[in-house]
Amino acid sequence: MTSSSTPGLARFNTLAGSEAIAVLHEVCASAVWGSVILSRRPYATVEALLSASDAAMAELSAEDLAEAMAGHPPIGRPKPGDPTSSREQRGMAGASEALKDEMLALNLAYQERFGHVFLICATGATGEQMRDAVKTRIENSPEQERGHVRTELGKINRIRLTRLVEEDKD
């Protein structure tokens, strides 16, 4: 129920600034995005928070996008000890060694072409779907790909923010 307020949203609205920035950095590594979200508190509803996230994402510069992407590990290689990236990339967890090897090669080719990690909202996606996405998107122009990255980051931020404010932390 993302249209109403939650105890988690109330907690987020009242976090000290430094705590809120740390929590927001876990959602998105862009300092500008985090500052914008922080500056617009308090949020009356979860949907208001998600809308603010979308608006902040739309305004990020190329440098801010690069900073946000730097917080994401390559698909198939979640950060050790990071339950968030492991959960989001669950679709690669049971992938065959051949698919993992192919994904590694595609990630490297993508990174060489665009200068940054391949970014996709991996939540709920299979390894094959992620592979097919990188194969398609590697053909994009840099401008097209920046648009895809912005969209995918926005989806990831929405999922992470929703989880943050809807978790039951007694």
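Here's the deal with empty space enclosed by the protein
Consideration 1: For the structure on display, the rule yields one cavity of 30 Å³ or more.
Consideration 2: Roughly 140 Å³ of internal volume is contained in the largest cavity.
Consideration 3: Taken together, 15 residues make up the lining of the largest cavity; nearest its centre are His72, Glu88, Gln89, Ile120 and Ile156.
Consideration 4: For the lining of the largest cavity, the elements supplying multiple residues, two or more each, are α6 (83-88) and α10 (142-166).
Consideration 5: A per-element tally of the lining of the largest cavity places α10 first, with three residues.
Consideration 6: A breakdown of the residues in the lining of the largest cavity according to their chemical character gives nine nonpolar, four polar and two charged.

Some details on the environment of Leu60
Consideration 1: For Leu60, the location among the structural elements is in the loop between α4 (46-59) and α5 (62-69).
Consideration 2: A relative accessible area of 3% means that Leu60 is categorised as buried.
Consideration 3: For the pair Leu60 and Ser30, spaced 30 residues apart in the sequence, the C-alpha separation amounts to 8.6 Å.
Consideration 4: The residues touching Leu60, leaving out its near neighbours within four places in the chain, are Ser30, Val32, Trp33, Leu65 and Arg150.

Some remarks on the layout of surface pockets
Consideration 1: Its volume calculated, the largest pocket comes out at about 240 Å³.
Consideration 2: In terms of lining, the largest pocket is formed by ten residues, of which the most central are Glu26, Val27, Thr84, Arg160 and Leu164.
Consideration 3: Residue classes in the lining of the largest pocket are distributed as three nonpolar, one polar and six charged.

A closer look at the side chain of Asn107
Consideration 1: Position of Asn107 relative to the elements: it lies in helix α8 (residues 97-114).
Consideration 2: Since its relative accessible area comes to 4%, Asn107 is described here as buried.

Rules used throughout
Numbers given for residues are sequential positions, taken from 1 along each chain in its written order. Under the rules for a predicted model, residues below a pLDDT of 70 receive no local features and side-chain atom pairs below 80 are neither given nor counted, while totals for whole chains, interfaces and linings still include all residues. Computation of side-chain values: all heavy atoms of the structure, hydrogens and water removed. Put simply, the grid is 1 Å and covers the protein atoms alone, a cavity is a trapped set of points that fit a 1.4 Å probe, a pocket is an open set with protein on both sides within 12 Å along at least five of seven lines, and lining residues have an atom within 4 Å of a point. Grid points are joined across faces, edges and corners, and a volume is the space filled by probe spheres set on the points. Only DSSP runs of H or I with at least four residues qualify as helices, and only runs of E with at least two residues qualify as strands; both kinds are numbered from the N terminus onward. Classification convention: Asp, Glu, Lys, Arg as charged; Ala, Val, Leu, Ile, Met, Phe, Trp, Tyr, Cys, Pro as nonpolar; all other residues, Gly among them, as polar. Only protein chains enter the area calculation, which uses a 1.4 Å probe; residues under 20% of their type maximum are buried, those over 50% are exposed, and those in between are partly exposed. Should any heavy atoms of two residues lie within 4.5 Å, those residues are counted as being in contact.

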